[in-house]
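Tertiary structure, described
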Amino acid sequence: MNPTEENLREVTTHELAHSLDNNGNASNPQSKLSDYQKFLFRDFFTLDYLSQGSTEASSPPRNACLPVVDEFGIVVAQAPFANTVIEGTTQSVCNNGVLNPRYIDSQTGPAV
């Protein structure tokens, strides 16, 4: 990948924010606040699961590349990575509804 000037600015700003969060306000960093922790959990959960059950087995995983369709054929949730391409290429993250193998860890399964 050949990063653009804009990519470098975005990454630098992102990393600087981590530094400020962890060092600039060490007694109460933003990333430790309960609202932020709830945001992270919601973000993780909605990308990875269709609904939250009482156990992992009762929490159906969400397909990153296919929309969720109810019994009437109505799309109730879009696939989060369906139309995403790998930056700097024309290669899709999903291929015909299947996550690109590049994003699947052989030990843990899909990384998304």
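Reading guide: rules and limits
Residues numbered from 1 in each chain as written. Predicted model: local features only at pLDDT ≥ 70, side-chain atom pairs only at ≥ 80, totals over all residues. Heavy atoms only, no water. Helix = DSSP H or I, 4+ residues; strand = E, 2+ residues; numbered from the N terminus. Buried < 20%, exposed > 50% of the residue type's maximum accessible area, 1.4 Å probe, protein only. Disulfide = S-S within 2.5 Å. Polar contact = N/O pair within 3.5 Å; in protein donor to acceptor, adjacent residues only side chain to side chain. Salt bridge = Lys/Arg side-chain N within 4 Å of Asp/Glu carboxyl O. Core = buried A, V, L, I, M, F, W, Y, C linked by side-chain atoms within 4.5 Å. Contact = heavy atoms within 4.5 Å. Patch = residues over 30% accessible without salt bridge, like charges linked within 9 Å, V, L, I, M, F, W, Y side chains within 5 Å. Areas by Shrake-Rupley, 256 points an atom, 1.4 Å probe, with all protein chains shown as cover.

1. Digging into the overall build of the protein chain
From N to C terminus, the protein chain includes two helices and six strands. Order of helices (α) and strands (β) in the protein chain, N terminus to C terminus: α-α-β-β-β-β-β-β. Taking all 112 residues of the protein chain together, the buried fraction comes to 18%.

2. Brief notes about unusual backbone geometry
A positive phi is found at Asn 96, a non-glycine position, where the angle reads about 55°. With respect to the helices and strands, the residue Asn 96 is situated in the loop between β3 (94-95) and β4 (98-99). The class of Asn 96 is exposed, set by a relative accessible area of 81%.

3. Points about the state of the cysteines
Summed over the entire model, instances satisfying the criterion amount to one disulfide. The disulfide that involves Cys 65 links it to Cys 94, with 2.0 Å between the sulfurs. Judged by the sign of its S-S torsion, about -75°, the cystine formed by Cys 65 and Cys 94 is left-handed. Of this pair, Cys 65 sits in the loop between α2 (34-48) and β1 (68-69) while Cys 94 sits in strand β3, and the two are 29 residues apart along the sequence. The residues Cys 65 and Cys 94 share a single accessibility class, namely buried.

4. Observations regarding the side chain of Asn 100
One can find Asn 100 in the loop between β4 and β5 (104-105). A distance of 3.4 Å separates the side chain of Asn 100 from the backbone oxygen of Ser 92, its partner in a polar contact.

5. Concerning the pattern of salt bridges
Going through the model one piece at a time under the given rule, you end up with one salt bridge. Among the ionic pairs, Glu 5 bridges to Arg 9, the shortest N-O distance being 2.9 Å. With Glu 5 and Arg 9 both in helix α1 (residues 5-24) and four residues apart, this pair spans about one turn of that helix. Here Arg 9 falls in the partly exposed class, since its relative accessible area comes to 47%.

6. Observations regarding the nonpolar core
Counting residues in each nonpolar core, the largest one holds six residues, listed as Ala 64, Cys 65, Ile 86, Val 93, Cys 94 and Leu 99. Among all residues touching Cys 65, those that are not within four sequence positions of it are Ala 79, Ala 82, Cys 94, Gly 97, Val 98 and Leu 99.

7. Quick look at the environment of Glu 5
Judged by relative accessible area, which is 60%, Glu 5 ranks as exposed. For Glu 5, the side chain forms a polar contact with the side chain of Arg 9, separated by 2.9 Å.

8. Observations concerning a nonpolar patch on the surface
On the surface, Phe 72, Ile 74 and Val 76 cluster together into a nonpolar patch covering about 340 Å² of accessible area. If you trace the backbone, Val 76 turns up in strand β2 (residues 75-77).

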